[in-house]
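The primary structure of each chain is shown beneath.
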Amino acid sequence: MKYAAGIDVGGTNTRVALISETYEVIDRKQFSTNGENPEETLKKIRDIIHEFECPIEGIGISCPGPLDLIHGEVLTPPNLRGWHHFKLTQHLEELTGVKVYLENDANLACLAEAVTGAGKGKEYVQFLTISTGVGAGFCTGGKIYRGARGFAQEVANSILWKDGPSQGDLKKGSIESIASGTAIVTRARAEGIEAEHAGEVYEKAAAGNLKAQEIMEDAYEYLSSFLGILYGVLDPDLFVLGGSVALKIPGFIQEIEMRVRAKVYDALQDNVHIVPAVLGEDCGLIGAACLVFSSQEL
């Protein structure tokens, strides 16, 4: 049996797992990510890996983007300010003596769902996570499609609404500025609606709050338009939706699927299949292990 270390670096926590080639999580540890000092985080990762009882074939690491996958460098993720332009793979390989494979977190979530999750057995799998932000990945034959420079599926800044809302470094009218959990809550608060998460905005909309209804309608409408575009461009076997907004708001995925079917060619409506992600919090860890094992096959 072969084993890999799967690492999931988040803005709040970092998780490290020992995963078998059958994608069973054998052991896992979690600690707080130091968003200002990547070296401290990497040393903790090294220490945990050295405690694993089984030798590993490699280390797969899931990290928020944008990333320079060619040079193994973290570019400018907004939730890891101290990691900007940090050569992650080089530093972790020097610390551990093990080959490191770096990938965007949404790409790895897609890979995990394609290999062993909701998209298992499908050739073309499109993944989209709707949570704090909006991230995406596309897999063909169990392999991540990265594009010419590794930036394929960096969809957050896709512009759909002229002079629409914006947040952070994103342009006005970008899909993340409309449909992410952060965007939904930000727009609600601007309208005087008290909400801690998108689910509360949904509840207020369901209770008859007109402003909350408008915000949720915008999220449904623009997100379904975006998925309709992706269907026209990529023609996936199925679309996997993950993230807290998609999975925790009642009827969210069904609503999006209904609207997408109404927006594609009539002859293509039966091709629209949108399903929930099934791997939960383990998708990044499992995807990281998939990356190690698939890279060894090349």
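All values derive from a computational prediction rather than experimental measurement. (Residues numbered from 1 in each chain as written. Predicted model: local features only at pLDDT ≥ 70, side-chain atom pairs only at ≥ 80, totals over all residues. Heavy atoms only, no water.)

## Observations concerning the overall build of the chain
So, point 1. When helices and strands are tallied, the chain shows 10 helices and 13 strands.
So, point 2. Its C-alpha radius of gyration of 19 Å places the chain within 12% of the 19 Å reference for a compact globule of 298 residues.
So, point 3. On the principal axes, the C-alpha backbone points of the chain span a range of 55 × 40 × 35 Å.
So, point 4. In the chain, buried positions account for 52% of the 298 residues.
So, point 5. Contacts spanning at least 24 positions in sequence make up 59% of the contacts within the chain whose residues lie at least 6 apart. (Helix = DSSP H or I, 4+ residues; strand = E, 2+ residues; numbered from the N terminus. Rg over C-alpha atoms; globule rule 2.2 N^0.38 Å. Buried < 20%, exposed > 50% of the residue type's maximum accessible area, 1.4 Å probe, protein only. Contact = heavy atoms within 4.5 Å.)

## A word on helix α6 (residues 198-206)
So, point 1. Listed as buried for α6 are A198, G199, V201 and A205. Axial view of α6: buried residues confined to an arc of 160°, hence all on one face.
So, point 2. Buried residues belonging to α6 abut α5 (181-190), α7 (210-234) and α8 (244-248).
So, point 3. Immediately downstream of α6, the backbone of G208 shows phi near 110°, a positive value. (Arc of directions from axis to C-beta.)

## Things to note about the nonpolar core
So, point 1. If you look at the biggest cluster of nonpolar residues, it comprises 36 residues, and the most contacted ones within it are L128, L223, L227 and I274.
So, point 2. Residue assignment for this core shows that the elements contributing at least two residues are β9 (124-130), β10 (134-140), α5, α6, α7, β12 (238-242), α8 and α9 (252-263).
So, point 3. The biggest single contributor to this core is α7, with 10 residues.
So, point 4. Leaving out residues up to four positions away in the same chain, L223 has contacts with L128, I130, I175, A179, D218, F252 and I256. (Core = buried A, V, L, I, M, F, W, Y, C linked by side-chain atoms within 4.5 Å.)

## Let's talk about the pattern of salt bridges
So, point 1. Taken as a whole and assessed by the stated rule, the structure comprises 17 salt bridges.
So, point 2. The shortest N-O distance in the salt bridge between D218 and R187 comes to 2.9 Å. Here R187 lies in helix α5 and D218 lies in helix α7, a separation of 31 residues in the sequence.
So, point 3. For D218, a relative accessible area of 14% gives the class buried.
So, point 4. A residue is classified by how much of its surface remains accessible, and R187, at 18% relative accessible area, is buried.
So, point 5. Counted as one network, the salt bridges with shared partners bring together E217, E221, E255, R259 and K263. (Salt bridge = Lys/Arg side-chain N within 4 Å of Asp/Glu carboxyl O.)

## Comments concerning the side chain of T89
So, point 1. Tracing the backbone shows T89 in helix α2 (residues 88-96).
So, point 2. A relative accessible area of 12% places T89 in the buried class.
So, point 3. Once residues within four sequence positions are removed from consideration, T89 is found in contact with H71, G72, V100 and L102.

## Describing the sheet that holds strand β3 (residues 25-32)
So, point 1. As summarised here, the arrangement of the five strands in space is β3-β2-β1-β4-β8, forming an open sheet in which the pairing is mixed. Two strands in the sheet have a free side with no partner beyond their single neighbour: β3 and β8 (100-104). Here the average twist between neighbouring strands, direction ignored, is 15°.
So, point 2. Relative to β8, strand β4 (residues 59-63) runs parallel, the two sharing five bridges. Note that in β8 the partner of S62 across the bridge is E103.
So, point 3. Where α2 meets the sheet, it contacts β4 and β8, and its direction lies at approximately 150° from that of β8.
So, point 4. Its contacts with the sheet place helix α3 (residues 105-116) against β4 and β8, and it is angled at close to 100° to β8. (Pairing = 2+ DSSP bridges. Axes fitted to C-alpha atoms, helices over the stretch in contact; angles between N-to-C directions.)

## Some words on α2
So, point 1. Every buried residue belonging to α2 is among L88, T89, L92 and T96, and all of these are buried. Within α2, the buried residues cover an arc of 90° as seen down the axis, which keeps them to one side.
So, point 2. In this structure, the buried residues of α2 make contact with α1 (38-51), β4, β6 (73-74), β7 (86-87) and β8.
So, point 3. Backbone geometry just downstream of α2 places G97 in the positive-phi region, at approximately 75°.

## Details of the pairing of strand β2 (residues 13-20)
So, point 1. Along β2, seven of the eight residues are buried, which leaves the element largely enclosed by surrounding structure.
So, point 2. Where β2 and β3 come together, seven bridges link them in antiparallel fashion. When the sheet's bridge partners are listed, V16 is paired in β3 with K29.
So, point 3. A loop of four residues connects β2 with β3, the two strands running antiparallel in sequence, and Y23 in this loop sits at a positive phi of about 65°.

## A word on empty space enclosed by the protein
So, point 1. Evaluation of the coordinates by the stated rule reveals one cavity of 30 Å³ or more.
So, point 2. The volume enclosed by the largest cavity comes to roughly 30 Å³.
So, point 3. If you go around the largest cavity, the residues you meet are L67, L69, N104, N107, G150, A152 and E154.
So, point 4. The residue inventory of the lining of the largest cavity, partitioned by class, reads three nonpolar, three polar and one charged. (1 Å grid on protein atoms, 1.4 Å probe; cavity = no way out; pocket = protein on both sides within 12 Å on 5 of 7 lines; lining within 4 Å. Points joined across faces, edges and corners; volume = space filled by probe spheres on them. Nonpolar A, V, L, I, M, F, W, Y, C, P; charged D, E, K, R; others polar.)

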